[in-house]
Amino acid sequence: MIYQDTVESEPLVHSPRFIVSVFVVVLAVVLIVNLTGTFMGDLMRPVIGDPLESGFYGRFAIAFVISVVFCLNLVLIGFAPLKAQIGIVWLEMLLLFLACFALFHLSLPFIWKNLPYLITQGVVTTVYVSALSLISASIIGIIAALAKLSSNGFALGLANFYTSFFRGTPLLVQLYLIYLGLPQLGYVIGAIPAGVLALSLCVGAYTAEIFRSGIQSIDRGQWEASRSLGFGFALTMRRIVIPQALPVIIPPMGNTFISMLKDSSLVSVLGVWELTFLARQLGTPTFNIMEMLVAAAFIYWIMSASLELVQSRIERYFSRSRVR
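Residues numbered from 1 in each chain as written. Predicted model: local features only at pLDDT ≥ 70, side-chain atom pairs only at ≥ 80, totals over all residues. Heavy atoms only, no water.

A. Focus on the overall build of the chain. In terms of helices and strands, the chain carries 13 helices and zero strands. Going from the N terminus to the C terminus, the chain shows its helices and strands as α-α-α-α-α-α-α-α-α-α-α-α-α. Over its C-alpha atoms the chain spans a radius of gyration of 26 Å, topping by over 25% the 20 Å that the globule rule assigns to 324 residues. On the principal axes, the C-alpha backbone points of the chain span a range of 85 × 65 × 30 Å. When each of the 324 residues of the chain is scored for burial, the buried share is 35%. Long-range contacts, defined as pairs at least 24 residues apart, comprise 71% of the intrachain contacts of the chain with a sequence gap of at least 6. Surface summary for the chain: the accessible area is close to 19900 Å², and the carbon and sulfur share equals 70%. Once the 19 positive and 15 negative side-chain charges of the chain are each reduced to a mean point, those two points are 14 Å apart. (Helix = DSSP H or I, 4+ residues; strand = E, 2+ residues; numbered from the N terminus. Rg over C-alpha atoms; globule rule 2.2 N^0.38 Å. Buried < 20%, exposed > 50% of the residue type's maximum accessible area, 1.4 Å probe, protein only. Contact = heavy atoms within 4.5 Å. Areas by Shrake-Rupley, 256 points an atom, 1.4 Å probe, with all protein chains shown as cover. Lys, Arg positive; Asp, Glu negative; His and termini not counted. Charge placed at Lys NZ, Arg CZ, Asp CG, Glu CD.)

As structure tokens, this is what we get:
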């Protein structure tokens, strides 16, 4: 809920109907996955006998135990305060993640062995490509937004065509058009410049709409009042419009930049040694692909969480005048 409900009622997780529904769903989901050959099968050996020969009975017994534990955990967490519930859930998810490594016999030592190279080569390249694309996309977005707000037909038509094309075609196709298509026309471009250019053009089209909508969210009277005082276009935008539009612009811009950080993984198809490419290359020879992809996913998650933290601080700073 947006606001704390002042009406006292029984927590949903303490409703028998809800718990039964969750139990049935979890049971059905776990039954789909055969866990008899995993750590759970060995743990249930006293009940089901040889896990590999237990058949449907073994799968059902494992699914039943997991469903009971899950529902019991759900009910007990409901008695804790809200902040404690969040902490408990995060801790349980971390333990569950570690349990998956034991469950499916994944190799943690293999991750620790290759993690330094993933960071020094993969993360550095990913951040480098993302940072260049972010700066370029912001510049392109501002220019395109101003063009879309202008009364010049040529600039408006050009900006509309640009945003329509790059928002209406997949980023992967744009990467191939620049990296593989341009050489056919006689323009050879490197993998990293091609990736940066494609990301900048694609994300710039989205940021253009964000800037445009943010600027248009400011009341027209603000613009007219500043112009009547003799303010020029640049001064009006810098002192009147942009400061008021920033609280509206920053949240979607932050989300777009976080999305771009993850979309930078697509440049791996061009052979750029960024995080996703290295994770695949390091895991393939020894068939430890899952370990490397999980490590890459966690690194992406940490980088995205860092950007989210920066975004939240910027939002609070520019929203000070709106706090009541």
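Moving on from the model shown.
B. Inspection of the environment of Ile-249 at higher detail. Here Ile-249 shows up in helix 11 (residues 233-263). Judged by relative accessible area, Ile-249 falls into the buried class, the value being 3%. Separated by 39 residues in the primary sequence, Ile-249 and Ile-210 place their C-alpha atoms 6.2 Å from one another. Residues in contact with Ile-249, not counting those within four places in the same chain, are Ile-210, Phe-211 and Gly-214.

C. Main features of the packing of aromatic side chains. Considering all chains together, one arrives at nine aromatic pairs under this definition. Taken together through their ring pairs, the aromatic side chains of Phe-23, Phe-56, Phe-60 and Phe-64 make up a single cluster. (Phe/Tyr/Trp six-rings, centres within 6.5 Å; stacked < 30°, edge-to-face > 60°.)

D. Representation of unusual backbone geometry within the structure. Even without a glycine there, the phi angle at Phe-287 is positive, about 60°. Mapped onto the elements, Phe-287 comes out in the loop between helix 12 (275-283) and helix 13 (289-318). Overall, the relative accessible area of 75% leaves Phe-287 in the exposed class.

E. Expanded view of the pattern of salt bridges. All told, the structure shown has three salt bridges when counted by the stated rule. Note that Lys-148 is salt-bridged to Glu-209, the shortest N-O span being 3.1 Å. A residue pair is termed long-range when its members are at least 10 positions apart, and Lys-148 in helix 6 (residues 108-149) and Glu-209 in helix 9 (residues 191-216) qualify at 61 residues. For Lys-148, a relative accessible area of 13% corresponds to the buried category. (Salt bridge = Lys/Arg side-chain N within 4 Å of Asp/Glu carboxyl O.)

F. Spatial organisation of the packing of helix 11 against helix 13. Packing of helix 11 against helix 13 brings their axes to within 10 Å, and their N-to-C directions diverge by 170°. Between helix 11 and helix 13, the crossing angle belongs to the class labelled roughly antiparallel. Across from Leu-246, Pro-247, Ile-250, Pro-251, Gly-254, Asn-255, Phe-257, Ile-258, Leu-261 and Lys-262 in helix 11, the residues of helix 13 making contact are Tyr-300, Met-303, Ser-304, Leu-307, Glu-308, Gln-311, Ile-314, Glu-315 and Phe-318. Considering only residue class, the contact of helix 11 with helix 13 consists of 12 nonpolar, four polar and three charged. (Axes fitted to C-alpha atoms, helices over the stretch in contact; angles between N-to-C directions. Parallel < 35°, antiparallel > 145°, perpendicular 65-115°, else oblique. Nonpolar A, V, L, I, M, F, W, Y, C, P; charged D, E, K, R; others polar.)

G. The arrangement of a nonpolar patch on the surface in detail. A surface patch of nonpolar side chains, amounting to about 770 Å² of accessible area, comprises Leu-82, Ile-86, Val-89, Trp-90, Met-93, Leu-96 and Trp-301. A total of six residues in the nonpolar patch trace back to one element, the largest contributor, which is helix 5 (residues 82-103). Structurally, the position occupied by Trp-90 is in helix 5. A residue is classified by how much of its surface remains accessible, and Trp-90, at 56% relative accessible area, is exposed. (Patch = residues over 30% accessible without salt bridge, like charges linked within 9 Å, V, L, I, M, F, W, Y side chains within 5 Å.)

H. Representation of helix 9 within the structure. Between the first and last C-alpha of helix 9 there are 37 Å, a value that for 26 residues agrees with the 38 Å anticipated at 1.5 Å per step. Where helix 9 bends most, at Gly-204, the angle is about 25°. (Expected span 1.5 Å × (residues − 1). Bend = angle between axes of the 7 residues up to and from the residue.)

I. How the structure looks around helix 7 (residues 153-168). If you check helix 7, its first and last C-alpha atoms are 22 Å apart, about what 16 residues at 1.5 Å a residue would give, namely 22 Å. Buried within helix 7 we find Ala-159, Tyr-162, Thr-163 and Phe-166. Buried residues in helix 7, looked at end-on, bunch into an arc of 90°, giving them a common side. Turned more than 90 degrees from where helix 7 packs its buried face, Gly-153, Phe-154, Phe-161 and Gly-168 sit exposed. Next to the buried residues of helix 7 lie helix 6, helix 8 (171-181) and helix 9. (Arc of directions from axis to C-beta.)

J. Broad picture of the nonpolar core. Core analysis: the biggest nonpolar cluster contains 28 residues, and Leu-199, Val-241, Ile-249, Met-253 and Leu-270 have the highest contact counts within it. At the level of secondary structure, the elements contributing two or more residues to this core comprise helix 6, helix 8, helix 9 and helix 11. Apart from the residues lying within four places of it in its own chain, the contact partners of Leu-270 are Leu-175, Tyr-179, Ala-191, Ala-194 and Gly-195. (Core = buried A, V, L, I, M, F, W, Y, C linked by side-chain atoms within 4.5 Å.)

K. Here's a closer look at the packing of helix 6 against helix 13. Two elements in contact, helix 6 and helix 13, have axes separated by 10 Å at closest approach and are oriented at 50°. Put simply, helix 6 runs oblique to helix 13. Two packed elements cross with a definite hand, and for helix 6 against helix 13 that hand is right-handed. From helix 6, Phe-110, Ile-111, Asn-114, Leu-115, Leu-118, Ile-119, Val-123, Thr-126 and Val-127 reach across to helix 13, where they touch Glu-291, Met-292, Ala-295, Ile-299, Tyr-300 and Met-303. The residue makeup of the contact of helix 6 with helix 13, split by class, is 12 nonpolar, two polar and one charged. (Left-handed = near helix turned anticlockwise from the far one by under 90°.)

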